[in-house]
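# Descriptive structure summary
Read off the chains here:
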Amino acid sequence: MLKSILVTGGAGFIGSHTVVELLVAGHQVVVMDNLSNAKPSVLARIRGLADRDFTFIEADVCDRDSLREVFHQHDIGAVIHFAGLKAVGESTRLPLDYYRNNFCGTLGLLETMKGFGCRNLVFSSSATVYGDPAEVPIREEFPLSATNPYGRSKLMIEDLCRDLASSESGWRIALLRYFNPVGAHPSGLLGEDPQGIPNNLMPYLLQVAAGQRPSLEVFGQDYPTPDGTGVRDYLHVVDLAKGHLAALKALPGLQGAVPINLGTGKGYSVLEMIQALERTVGHPIPWRVGPRRPGDIAQCYADPSRAQELLGWRASLDLDTMCRDGWNWQQNGAASQF
Ligand code: UD1
């Protein structure tokens, strides 16, 4: 019988897009999600888009009994682990929550996987583990550091995976270091649904474009970049989801815990992002310059060649597609969720 793929956090922004791709590719999928940052309607939307069913378990990844139960009930061949908290500012206020959810959650997952003889993992890491890189584009061998509890929790999990993989053979772990995921499913049915004031540029900019917020504050225009604003590697979430499928497929050929950048390799500044979204929406988007955000870096974009080499994956969707799909979601999708 075909083994199942366990997707923790499969109802979230990146997780939901990945589950659609997995189902379309014919995988048996078990989603475990506590719905702390997702609406239950996402599940029906995933089923509708893929035209296939999957098993859903409403449980927290920190709940060891539920994890064991999942492995008892299903023949899990590999795990894609998204479940975790991801807001940098919040992590400085609630470090215990971040270490418990992100680190302890992963520790329990790895212990359960080991107990059931499942050693195949695709983990959601982040480019945040590079700290303030000395140069760009960023390669996987660059030194690692973290400046906040969120980043440290990702780094600690990476270290845990590396230690585990060197302690015994057979572990195949892809540590996927995402750059800046944006956009939404082209159907307008899946996307990011930030609670409260968005922390990240794209969701904030979309809300300003839609008239829900008066203007965007550009965090600093005195960086050593071509126009003085921060440069990032924005990546369409559907490309990112496909990167997880490529990683899953490539797992048998990986040895130990292997970090892999998932980015486009191209950086855009905040002002370039505003202009791109203005082209999509067809009207000016108000913005003003404010001070730098503490902890922000000037430039961050990937050298994506390892992903191409090991996974045969590269991003294919351009900035206009990211803006178009993000705007479509902002106008049609987000509000119709319940
Ligand atoms: C942020 C996190 C990072 C995390 C990533 C996940 C911080 C400090 N960093 O990265 O750890 O891995 O999200 O997606 O939160 N900007 C504005 N105005 C805004 C919002 C953002 O000018 O209202 C600028 C930022 O200064 C930055 C760029 O837009 O130059 C992108 O910001 P953001 O979307 O928050 O992503 P990161 O800072 O790359």
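See the structure above.
What comes next is a walk through the structure. Values in this document were obtained by computation on a predicted structure and should not be read as measured data. (Residues numbered from 1 in each chain as written. Predicted model: local features only at pLDDT ≥ 70, side-chain atom pairs only at ≥ 80, totals over all residues. Heavy atoms only, no water.)

Quick look at the overall build of the protein chain now. Scanning the protein chain from terminus to terminus reveals 11 helices and 14 strands. At 19 Å, the protein chain has a C-alpha radius of gyration in line with the 20 Å of a compact globule built from 338 residues. Overall size of the protein chain, expressed as C-alpha extent along the three principal axes, is 55 × 45 × 40 Å. Of all intrachain contacts in the protein chain linking residues separated by at least 6 positions in sequence, the fraction that spans at least 24 positions is 80%. Working note: accessible area of the protein chain is about 14500 Å², and carbon and sulfur atoms make up 51% of it. Positive and negative charge centroids in the protein chain, built from 30 and 36 side chains respectively, lie 1 Å apart. (Helix = DSSP H or I, 4+ residues; strand = E, 2+ residues; numbered from the N terminus. Rg over C-alpha atoms; globule rule 2.2 N^0.38 Å. Contact = heavy atoms within 4.5 Å. Areas by Shrake-Rupley, 256 points an atom, 1.4 Å probe, with all protein chains shown as cover. Lys, Arg positive; Asp, Glu negative; His and termini not counted. Charge placed at Lys NZ, Arg CZ, Asp CG, Glu CD.)

Let's shift gears to the site of the ligand. Not every one of the 18 residues close to the ligand is listed here, only the nearest: Leu201, Glu217, Arg232, Arg293 and Asp296. One of the backbone nitrogen or oxygen atoms of glutamate 217 is found 2.8 Å away from a nitrogen atom of the ligand. Residue phenylalanine 219 places a main-chain N or O atom 2.8 Å away from an oxygen atom belonging to the ligand. For the ligand, the protein covers 87% of the area, taking 740 Å² as the surface of the free molecule. Looking at the shell around the ligand, the element that brings in the most residues is strand E8 (residues 216-219), giving four residues. When its residues are assigned to classes, the shell around the ligand shows eight nonpolar, six polar and four charged. (Near = heavy atom within 4 Å. Polar contact = N/O pair within 3.5 Å; in protein donor to acceptor, adjacent residues only side chain to side chain. Nonpolar A, V, L, I, M, F, W, Y, C, P; charged D, E, K, R; others polar.)

Attention now goes to the sheet that holds strand E5 (residues 120-126). In space, the seven strands of this open sheet follow the order E3-E2-E1-E4-E5-E6-E11, with parallel pairing throughout. A strand with exactly one partner marks an edge of an open sheet, and here the two such strands are strand E3 (55-58) and strand E11 (256-262). Direction aside, the axes of adjacent strands within the sheet are offset by 20 degrees on average. Taken together, the four bridges between strand E2 (residues 28-33) and E3 define a ladder with parallel strand orientation. Bridge pairing in E3 links valine 30 to threonine 55. Strands strand E1 (4-8), E2, strand E4 (76-81) and strand E6 (172-178) of the sheet are contacted by helix H1 (residues 13-24), whose axis makes an angle of about 165 degrees with E2. (Pairing = 2+ DSSP bridges. Axes fitted to C-alpha atoms, helices over the stretch in contact; angles between N-to-C directions.)

Here we take up the environment of leucine 201. Note on placement: leucine 201 falls in helix H7 (residues 201-209). Leucine 201 has contacts with Leu216, Tyr234, Val270 and Met273, leaving out every residue within four places of it along the chain.

Time to look at the sheet that holds strand E14 (residues 299-300). Pairing within the open sheet is mixed, and its three strands lie in the order E12-E9-E14. The open sheet is flanked by strand E12 (268-269) and E14, the only strands paired with a single partner. Bridging between strand E9 (residues 231-232) and E12 involves two bridges; their strand directions are antiparallel. For arginine 232, the partnering residue across the bridge sits in E12 and is tyrosine 268.

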